[in-house]
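Commentary on secondary and tertiary structure
The lines below spell out each chain.
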Amino acid sequence: MYLDVVDLRNFYGSALGALVRRSIRAKLMEMWPRLAGDRLLGLGYATPFMRPWLGQAERVIGFMPGRQGVVNWPGEGPSATALVDETMLPLADSSIDRMLMVHALEMAEDPDDVLREAWRVLAPGGRLIVVVPNRIGLWARLETTPFGYGRPFSQGQLDTVLRDTLFSPIDWRGALYMLPSSRPTMLRLSRPLEAFGLKVWPGFAGVLVVEATKQLYQGIPQRVGNKMRLAPVFRPALARHTRDED
């Protein structure tokens, strides 16, 4: 179940949404401080976090699922967003260097299908960052923010779904240790609460932020129990889509 794009836009336009954007963006900038020359794709509702890379990445685009809806972004200049089927992205194989998923995986009917499509469009060795609600965190338990909707993940569950779709997690972080409250007092305490939570209870972050890299081998379908999974085989991954082919 995807949230409506208007609700997402309104949340990030609020005071609490601004604090959420700052907290998660700080983690993203630690992980990807510079993307010079890379092609970056945001999937879901990732645009509130992508502005720092405008002007340095070769291309920055945002894809929003059809069941969610789409808004123009950025506010200035031509729009870089489009409405898509998240399991059939209108991109060539191996055409993206980096992908950021926010409000995407937990909302998807089949997260495996979304990640397999991400694998297809990422270049060999390409990097993916996924931001999802933490199953044991407070933010996943309350419907006052977008992180209270969809299916939250534990670290173990997210690790499994990434590995099953041929991604290797390489960096784990947490964000949103502050309380999911719009009360003025809680907003004023957000900075000290964020620092305190990171130090004292790091496992209880509101969201998990994981970076993974695309494995360089494809897979073949293999039934494990009653579920189809991809089993690695020694077959080279798709070659990187070169600039000359554009």
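Residues numbered from 1 in each chain as written. Predicted model: local features only at pLDDT ≥ 70, side-chain atom pairs only at ≥ 80, totals over all residues. Heavy atoms only, no water.

**So, the overall build of the chain**
Secondary structure assignment for the chain yields six helices and nine strands. Split into buried and exposed, the 246 residues of the chain put 50% on the buried side. (Helix = DSSP H or I, 4+ residues; strand = E, 2+ residues; numbered from the N terminus. Buried < 20%, exposed > 50% of the residue type's maximum accessible area, 1.4 Å probe, protein only.)

**Topic: the side chain of Asn-134**
For Asn-134, the position within the fold is in the loop between β5 (122-133) and α4 (155-164). Note on Asn-134: relative accessible area 3%, which makes it buried. Among residues more than four places away in sequence, those in contact with Asn-134 are Ala-140, Pro-152, Phe-153, Gly-203, Phe-204, Ala-205, Gly-206, Val-207 and Leu-208. (Contact = heavy atoms within 4.5 Å.)

**Some details on the pattern of salt bridges**
For the structure shown, the criterion picks out 13 salt bridges. In this structure, Arg-51 engages Glu-76 in a salt bridge whose closest nitrogen and oxygen atoms are separated by 3.0 Å. On the criterion of sequence distance, the pair formed by Arg-51 in the loop between β1 (39-44) and β2 (59-65) and Glu-76 in the loop between β2 and β3 (81-84) is long-range, its members being 25 residues apart. For Arg-51, a relative accessible area of 37% translates into the label partly exposed. One salt bridge in this structure joins Glu-117 and Arg-120, with 2.8 Å as the shortest N-O distance. Remark: Arg-120 and Glu-117 occur in helix α3 (residues 111-121); sequence separation between them is three residues, near one turn of the helix. (Salt bridge = Lys/Arg side-chain N within 4 Å of Asp/Glu carboxyl O.)

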